[in-house]
Structures are given as structure tokens and as C-alpha cells.
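Working through the structure, step by step
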Amino acid sequence: MAHFAKLNSKNRVIDVVVVNNDVLGSPESEATGITFLTNLTGHSSWKQCSYNRKIRKNYPGIGNYYYDSSNDMFVPYKPFASHTLNASTGQWDAPLTYPSDGKRYSWDETAYQADNTKGWVEIIGETE
């Protein structure tokens, strides 16, 4: 089964559908899938995606991912102003490395903006 993300005019993911591989032919053709979905739905903005992340870096979530055409990948929305897009992974990287001491942390953008040597704040008192 092949997955396709339906995009709005701003390249935001508004739906993800499954298309039978028989429709795509052999070898699989994204263009054939887009034509099929356009004829079926009347909507023409589709991009093939992959549940196992083999196509376009990330499996797109509806409403919180968009298609980045310059990098040809699906990207989650930027979580914090200080984060930068990693074009290799399709994820947003914090400006400071996540601590490797085995503890759990969350990002504090306010702390980072006040002092760019801080940002990771230990999560205390939560259990899994």
C-alpha cells in the first residue's frame, strides 16, 4: 500500500490516504498515484509519503506537518524560534545538545533567550 498526503494551498497536510499498489503500477509511480487521486477526488495537490519514512524523511501528521518543497520532505511545524531545520533528518534541532546524563529534559525557550548557554530543563517528579 502506498500513502499520499493531501496538501492545501500552503503545503500543509490536510489528509493522508492509502492507495493500492496495483493502481501505481510496477515500478511504483508517484505521478500515477497523483493522477488517480486527482481524478477520484478533484483535488490535485498530493505528495507520496511513507509510513516507514523511506520517502520524504517523515510520515506526515494531519494538521501539524507541511511539505517543504525546497528540501522535498515533510516537516513538523517549528517548535521554537531558536531551533533549526536539519535537512538530513527533517527534524528541528535545538541550538544546544540534549544532555546525555540519562535524565529527562524539556526545552525552555525563555531560558535560552535569556541566556543562550541554557535551555534544557530537567523534568522532575514525572514517572513513565
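Look up a bit, the structure's there.
The text that follows walks through the structure, step by step, so that each part is easy to find. The structure displayed is predicted, hence computed values, not measured ones. (Residues numbered from 1 in each chain as written. Predicted model: local features only at pLDDT ≥ 70, side-chain atom pairs only at ≥ 80, totals over all residues. Heavy atoms only, no water.)

**Thoughts on the environment of Ser 106**
Test applied: What counts as a helix is a DSSP run of H or I of at least four residues, what counts as a strand is a run of E of at least two, and both are numbered from the N terminus. Whether two residues are in contact is decided by their heavy atoms, any of which lying within 4.5 Å being enough.
Mapped onto the elements, Ser 106 comes out in strand β8 (residues 105–107). Once the C-alpha coordinates of Ser 106 and Asn 58 are considered, the two residues, 48 residues apart in sequence, prove to be 22 Å apart. Excluding residues within four positions of it along the chain, Ser 106 makes contact with Gly 119, Trp 120, Val 121 and Ile 123.

**Brief notes about the packing of aromatic side chains**
Our working rule: Pairing of aromatic rings covers Phe, Tyr and Trp, the last through its six-membered ring, and needs centres within 6.5 Å; plane angles under 30 degrees mean stacked, over 60 mean edge-to-face, and all others mean tilted. Only protein chains enter the calculation, and the probe is 1.4 Å; a residue is then buried if its accessible area is under 20% of its type maximum, exposed if over 50%, and partly exposed in between.
On inspection of all chains with the given rule, the structure shows 7 aromatic pairs. Ring geometry for Tyr 98 against Trp 120: centres 4.8 Å apart, planes inclined by 75°, an arrangement best described as edge-to-face. Taken together, the residues span a long stretch of sequence, with Tyr 98 in the loop between β7 (91–93) and β8 and Trp 120 in strand β9 (residues 120–122) at a distance of 22 residues. Residue classification places Trp 120 among the partly exposed residues on the basis of a relative accessible area of 23%. Aromatic rings pair up to connect Tyr 98, Tyr 105, Trp 107, Tyr 112 and Trp 120 into one cluster.

**A look at the pattern of salt bridges**
When their charged atoms lie close together, side chains carrying opposite charge are able to pair. Our working definition: Each salt bridge in this description consists of a side-chain nitrogen of Lys or Arg and a carboxyl oxygen of Asp or Glu lying within 4 Å of one another.
In the structure shown here, the tally under the stated rule is 3 salt bridges. Between Arg 56 and Asp 72 there is a salt bridge whose closest N-O contact spans 2.7 Å. Linking Arg 56 in the loop between β3 (46–49) and β4 (65–68) with Asp 72 in the loop between β4 and β5 (73–76), this pair joins segments that are 16 residues apart in sequence. What emerges from the salt-bridge pattern is a single network uniting Glu 30, Arg 56 and Asp 72.

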